[in-house]
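An overview of the molecular structure
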Amino acid sequence: MAEVRERIQKWDILKFVLIFFVVLGHIGDQLKGTTGLFIFTYSFHMPLFIFVSGLFSKRTINEKRYDKIFSYFVLYLFIKVLEFFTGIIFDGTVKFSLFSENGLPWYAFVLFVFCLITVFLKNIDPKYVFAVSLCVALLSGYDSSLNTFLMLSRTMVFYPIFYLGYVLDPDTVAKTLDKKWIKIVSVLGILGYIVIIYFFLDDMVLFRNLLSGQNPYSTLKFYPDYGILYRLVHYLIVACLGAMIISLIPDKLGKGGIARIGGRSVQIYALHYIFIELLYKVIDIDVYLDNISPILTKVVMLPVTVLIILICSSKIWTPIFDFILKPK
């Protein structure tokens, strides 16, 4: 979900992996027995998307390309309009709030805000910016008034991750993590995290409210006063999982089809929930999936996820998003 002068397959393959987990996670949100999947995917998918967006925002920010920055706000409005009509068609309800959001559009809005903020902070020593933004993010969880309005909570929580991406060089990141021993550790680390989720799921569920970035510490069911420590642990998990996943992403894959789809992650992100709503509100897929075994449910979710991604990545939609994200 970012600009590049010359597309590098590795990062587009990474975006394919991330958008796959985004779609898979949203499909699983409404099904029974998918809590473990929720914990795993929400531990890294959007934070890593934000980090990658920061990596490839340097030209936009350093050249003060306000046209490009404003396009994120236009994208936000576009997704809001899609959600508005989706609600009317599938739910028969009319709901619209211009600057309060806890669904899909939040990501586009925070990118708009992140870029604007960084334009004004880019000449300040990065160490100070990162340190202050991290302190704000950690303390913001104690303020229950920060909620979905202007996506304030998510803006504060995820800005340090975006800014870290902005100050780092993508080639350096890829080269640093492209070592055999790191790849081995990455495989073991990801498998270890999955095992931890499996055996300690009931304990980890108590902290699931932290993963979205929009809930205050008061919503935690276990020692909310220590929320700052839990968020630090969450940042550590994001950093470790993110580094492991980047390390395992190949520079090239096949004939480049996966990378091409990953390069259209914006349109997949914007459109996929329409088809998920179609599955649940028209086809009633949850009625069928909830009546089969949890393992079979997860097996069925995989091809459904791939099908939605293929539909949403079609070139049919590309001119719309080129118009929004590539202003002339």
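Anything mentioned here points back to the structure above.
None of the values given here were measured: they were computed from a predicted structure. (Residues numbered from 1 in each chain as written. Predicted model: local features only at pLDDT ≥ 70, side-chain atom pairs only at ≥ 80, totals over all residues. Heavy atoms only, no water.)

**Details of the overall build of the protein**
Within the protein, the secondary structure is distributed over 17 helices and zero strands. Its C-alpha atoms give the protein a radius of gyration of 19 Å, within 12% of the compact-globule value 20 Å for 328 residues. Scored against the burial criterion, the 328 residues of the protein give a buried share of 47%. Taking the contacts inside the protein whose residues are at least 6 apart along the sequence as the reference set, 82% of them involve residues at least 24 apart. (Helix = DSSP H or I, 4+ residues; strand = E, 2+ residues; numbered from the N terminus. Rg over C-alpha atoms; globule rule 2.2 N^0.38 Å. Buried < 20%, exposed > 50% of the residue type's maximum accessible area, 1.4 Å probe, protein only. Contact = heavy atoms within 4.5 Å.)

**Details of the packing of helix α1 (residues 9-28) against helix α3 (residues 45-55)**
One can describe the packing of α1 onto α3 by two numbers: an axis separation of 9 Å at closest approach and a directional angle of 150 degrees. With respect to each other, α1 and α3 are oriented roughly antiparallel. In terms of crossing hand, the pair formed by α1 and α3 is left-handed. Residues W11, L14, K15, L18, I19, F21 and V22 of α1 form the contact with α3, whose own contacting residues are H45, M46, L48, F49, V52 and L55. Here the residues of the contact of α1 with α3 sort into eleven nonpolar, one polar and one charged. (Axes fitted to C-alpha atoms, helices over the stretch in contact; angles between N-to-C directions. Parallel < 35°, antiparallel > 145°, perpendicular 65-115°, else oblique. Left-handed = near helix turned anticlockwise from the far one by under 90°. Nonpolar A, V, L, I, M, F, W, Y, C, P; charged D, E, K, R; others polar.)

**Structural notes on the environment of I324**
Counting through the fold element by element, I324 comes out in helix α17 (residues 318-325). By relative accessible area, I324 is classed as buried at 9%. C-alpha of I324 to C-alpha of S71: the two residues are 253 residues apart in sequence and 5.9 Å apart in space.

**Some words on the nonpolar core**
Nonpolar side chains tend toward joint burial in soluble globular proteins. One finds W11, L14, W106 and Y269 to be the most contacted residues of the largest nonpolar core, which totals 93 residues. Per-element accounting of this core gives the leading share, twelve residues, to α1. Here W106 is in contact with M46, I50, E101, M151, R154, F158 and Y269, once residues within four sequence places are set aside. (Core = buried A, V, L, I, M, F, W, Y, C linked by side-chain atoms within 4.5 Å.)

**A word on a nonpolar patch on the surface**
Together, V81, F85, I88, I89 and V94 make up an exposed nonpolar region whose accessible area comes to about 480 Å². Among the structural elements, F85 can be located in helix α5 (residues 66-91). (Patch = residues over 30% accessible without salt bridge, like charges linked within 9 Å, V, L, I, M, F, W, Y side chains within 5 Å. Areas by Shrake-Rupley, 256 points an atom, 1.4 Å probe, with all protein chains shown as cover. Salt bridge = Lys/Arg side-chain N within 4 Å of Asp/Glu carboxyl O.)

**A look at the packing of aromatic side chains**
Within this structure, the stated rule accounts for 32 aromatic pairs. Seen in terms of ring centroids, F21 and F44 are 5.4 Å apart; in terms of plane orientation they differ by 75 degrees. Their pairing is edge-to-face. In this pair, F21 is assigned in helix α1 and F44 in the loop between α2 (35-42) and α3, connecting sequence segments 23 residues apart. For the pair F21 and F44, one class covers both residues: buried. Ring centres of F84 and F85 lie 5.2 Å apart, and the angle between their planes is 80 degrees; this geometry places the pair in the edge-to-face category. For F85, a relative accessible area of 45% corresponds to the partly exposed category. Site record: aromatic cluster; members linked through ring pairs are F70, F73, Y76, F99, F109 and F112. Of note, R154 hangs over the ring of W106, and the distance from its end group to the ring centre comes to 4.3 Å. Note that R208 overlies the ring of F38, its terminal NZ or CZ placed 3.8 Å from the centroid. (Phe/Tyr/Trp six-rings, centres within 6.5 Å; stacked < 30°, edge-to-face > 60°. Lys NZ or Arg CZ within 6 Å of the ring centre and 35° of its normal.)

**Observations concerning the environment of V187**
Looking at the secondary structure, you find V187 in helix α10 (residues 180-199). When its relative accessible area of 38% is taken as the criterion, V187 is described as partly exposed. Separated by 138 residues in the primary sequence, V187 and L325 have C-alpha atoms spaced 35 Å apart.

**Some words on unusual backbone geometry**
We note that L150 has phi near 55 degrees; this positive angle belongs to a residue other than glycine. Mapped onto the elements of the fold, L150 is located in the loop between α7 (126-140) and α8 (152-167). Even without being a glycine, Y223 presents a positive backbone phi close to 50 degrees. Mapping Y223 onto the fold places it in the loop between α11 (201-205) and α12 (227-248).

**Points about the pattern of salt bridges**
As a working rule, side chains carrying opposite charge can pair if their charged atoms are close by. Following the criterion strictly, the structure yields eight salt bridges and no others. Of the charged contacts, one joins D12 and K15 as a salt bridge, the two residues approaching to 3.3 Å between their closest N and O atoms. In this pair, D12 and K15 are both assigned in helix α1, three residues apart and thus about one turn of the helix distant. Here the two residues D12 and K15 agree in accessibility, since each one is buried. For the salt bridge of R59 with E63, the shortest nitrogen-to-oxygen distance reads 3.5 Å. Taking the relative accessible area as the measure of exposure, R59 reaches 35% and is therefore partly exposed.

**Focus on the side chain of R231**
Turning to its location among the elements, R231 is positioned in helix α12. Those residues in contact with R231 that lie beyond four places of it in its chain are A137, L138, S140, G141, V157, L210, G213, N215 and Y217.

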